[in-house]
Structure formats: structure tokens, C-alpha cells
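Here are the chains, one letter per residue:
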Amino acid sequence: WRKLNRIYADSEFARDEIHLNYWIPKDKIDKIYLGSDQLWSIRPREIKLPIDDKFIVVMGRWQMYKNVHNILKAYIQSRNELLLEHTLILVGDSNKLGKEIVAEQVIKMPTNKILKFDYLSDSELKYIYSKATLVIHPSVNEGFGLPAFEAFGEGAKLLIHKGTPADQELFREKGVFVANLLNLSEIEKSIIEGIQFKKELVNIE
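For the structure given in this document, a descriptive report is provided here.

Rules behind the numbers
Residues numbered from 1 in each chain as written. Predicted model: local features only at pLDDT ≥ 70, side-chain atom pairs only at ≥ 80, totals over all residues. Heavy atoms only, no water. Axes fitted to C-alpha atoms, helices over the stretch in contact; angles between N-to-C directions. Helix = DSSP H or I, 4+ residues; strand = E, 2+ residues; numbered from the N terminus. Parallel < 35°, antiparallel > 145°, perpendicular 65-115°, else oblique. Contact = heavy atoms within 4.5 Å. Nonpolar A, V, L, I, M, F, W, Y, C, P; charged D, E, K, R; others polar. Salt bridge = Lys/Arg side-chain N within 4 Å of Asp/Glu carboxyl O. Buried < 20%, exposed > 50% of the residue type's maximum accessible area, 1.4 Å probe, protein only. Core = buried A, V, L, I, M, F, W, Y, C linked by side-chain atoms within 4.5 Å. Pairing = 2+ DSSP bridges. Right-handed = clockwise from strand over helix to strand, strands pointing away.

The next subject is the packing of helix H2 (residues 68-77) against helix H8 (residues 184-196). Two elements in contact, H2 and H8, have axes whose closest approach is 9 Å; the angle formed by their N-to-C orientations is 75°. If you check the angle between H2 and H8, you find them roughly perpendicular. Judged by residue contacts, Asn70, Ile71, Lys73, Ala74 and Gln77 of H2 engage Leu184, Ile187, Glu188 and Ile191 from H8. Among the residues forming the contact of H2 with H8, the class breakdown is five nonpolar, two polar and two charged.

Below you can see the structure in the form of C-alpha cells.
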């Protein structure tokens, strides 16, 4: 690293990880955020969903640290009618190392309460963000966490893991909920809180 002019990280979280794992002094690492506005100028493309309007989007590949499996566990063990009337839509590649941890929970889900998409285009993501009751970005270890910022930029209510870059930047915003998404009771409580929150439209002049 001493031969490099500068080193860039895309969040404070990533900066800390580079410092910790490569022993690079923090004053040698600049922080530059990634952009998350690529959906703003795109027209949404409607997706024909075989469900009603009550659905929660869970963003993440089927890997351990993406933490999709714990969202499913919390849903499966819940007895809350408000939560259980929502369908879960999983968006993220299922063909990944460690996919079994998610697949085990998918099997336990009522088949009429779960949909899976390995991939959605930008215009389809824009549509699904705008229609979701809540978007969950459950990842516990992110350098940046683009989907969380994308969903927020599209006006979605958002649930994110405590301590991630999205938490550091968005936790004060209305409609953003932060919790320990490794704790099933916190997951359930936060999802219900997100469902019940009434987001206000804001006119910017």
C-alpha cells in the first residue's frame, strides 16, 4: 500500500475494514460514496405479480452474511396477523455458495406467501420499490449496500441492519427503521413497526 498514491473506500464501514484487515493507516484511506441515483430517470416497468398489494421486499443473495434466512425465520415463527397477511418477495441470486441456509427456510414458508426473483432490471426494481409495503435490506456486512440507498431514493419504507453504512447515513430519516437483524424478535417488531408507519408525501419546491 505504501506504493499507492491514495486508497478509496465507499463508506466509513469499508474504511474501518480496510484499516483493520490490511493495517493501512486511516489517514491514507479516503471515503467516497457510491452513487445511488441511477433509478431516478428511469421509467418503472410493471411486473405482473400473482399476489395482492400487500408485500414486503427482501433484498439479498442467498449467502450467510446477506442474512435473508433470518428474515424468513422471523416470518415463519410470527403469529402477528398484520405481518402474516403480507407476501415476502425475495430479490437476489439464489445460486450462491451457502444457498441452503435460505432454501431450508423457503421450504417452510406457505407457498402462497413467497415469491422469488434471482434478478430484476432497474426499471422493474423501480416498480417493485414503489409498490412494496416495506423493503428490507438485511445484510450484516456491507461496504456500501446499494439496494438500501436505491430503495430509500425511490421513497420506500426501509428496514436495515444496525451498524451498516445505510444505518450510518439514513437512520435519522423518516420511514427508515434500524434493528439488530440477527435477532428474530427485533426483526418481527421492526417489520410490524415499518408496516404500520404512515409515510407522508413531501413537496420540494
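From this point, the discussion proceeds with the structure in view.
Attention now moves to the pattern of salt bridges. In this structure the tally under the stated criterion is 10 salt bridges. The salt bridge partner of Asp16 is Lys26, with a shortest N-O separation of 2.5 Å. One end of the pair, Asp16, is in helix H1 (residues 12-22); the other, Lys26, is in the loop between H1 and strand S2 (29-31), with 10 residues separating them in the sequence. Between Asp93 and Lys96 there is a salt bridge, and its shortest N-O distance comes to 3.9 Å. Owing to a relative accessible area of 31%, Lys96 belongs among the partly exposed residues under this scheme. Because the salt bridges share partners, they merge into one network encompassing Glu12, Arg15 and Lys31.

Moving on to the nonpolar core. Val57, Ile89, Ile128, Tyr129, Val135 and Leu158 are the most contacted members of the largest nonpolar core, which has 26 residues in total. Sorting the residues of this core by element identifies strand S3 (55-59), strand S4 (87-91), helix H5 (122-131), helix H6 (146-153), strand S7 (158-161) and helix H7 (165-170) as the ones contributing at least two each. Of all the elements, H5 adds the most residues to this core, at four residues. Discounting chain neighbours no more than four positions away, the residues touching Leu158 are Leu134, Val135, Ala148, Ala151, Phe152, Leu170, Gly175, Val176 and Phe177. Counting 25 residues, the second largest nonpolar core, distinct from the first, contains Trp62, Ala74, Leu90 and Ile195.

This part is about H5. Here H5 lies mainly inside the structure; seven of its 10 residues are buried. Considered for burial, the residues of H5 that qualify are Ser123, Glu124, Leu125, Lys126, Tyr127, Ile128 and Tyr129. The elements touched by buried residues of H5 are S3, S4, strand S6 (134-137) and H6.

What follows is about the side chain of Lys66. For Lys66, the position within the fold is in the loop between S3 and H2. The exposure class of Lys66 is buried, given its relative accessible area of 9%. Excluding its chain neighbours within four sequence positions, the residues that come into contact with Lys66 are Arg61, Pro138, Ser139 and Glu142.

With that out of the way, let us pick up the environment of Lys198. Within the secondary structure, Lys198 is located in the segment after H8. Of the residues examined, Lys198 reaches a relative accessible area of 69% and is grouped as exposed. Taking the C-alpha atoms as reference points, Lys198 and Lys174, separated by 24 residues in sequence, lie 9.7 Å from one another.

Mapped onto the fold, Ser190 is located in helix H8. Residue class for Ser190 comes out buried when judged on its relative accessible area of 8%. Among residues more than four places away in sequence, those in contact with Ser190 are Leu159 and Ala179.

Right, let's talk about the pairing of strand S8 (residues 176-179) for a bit. Sheet topology places S7 next to S8; four bridges connect them, and they run parallel. Note on S8: the bridge partner recorded for Ile160 is Val178. Viewed along the sheet, the connection from S7 through H7 into S8 turns out right-handed.

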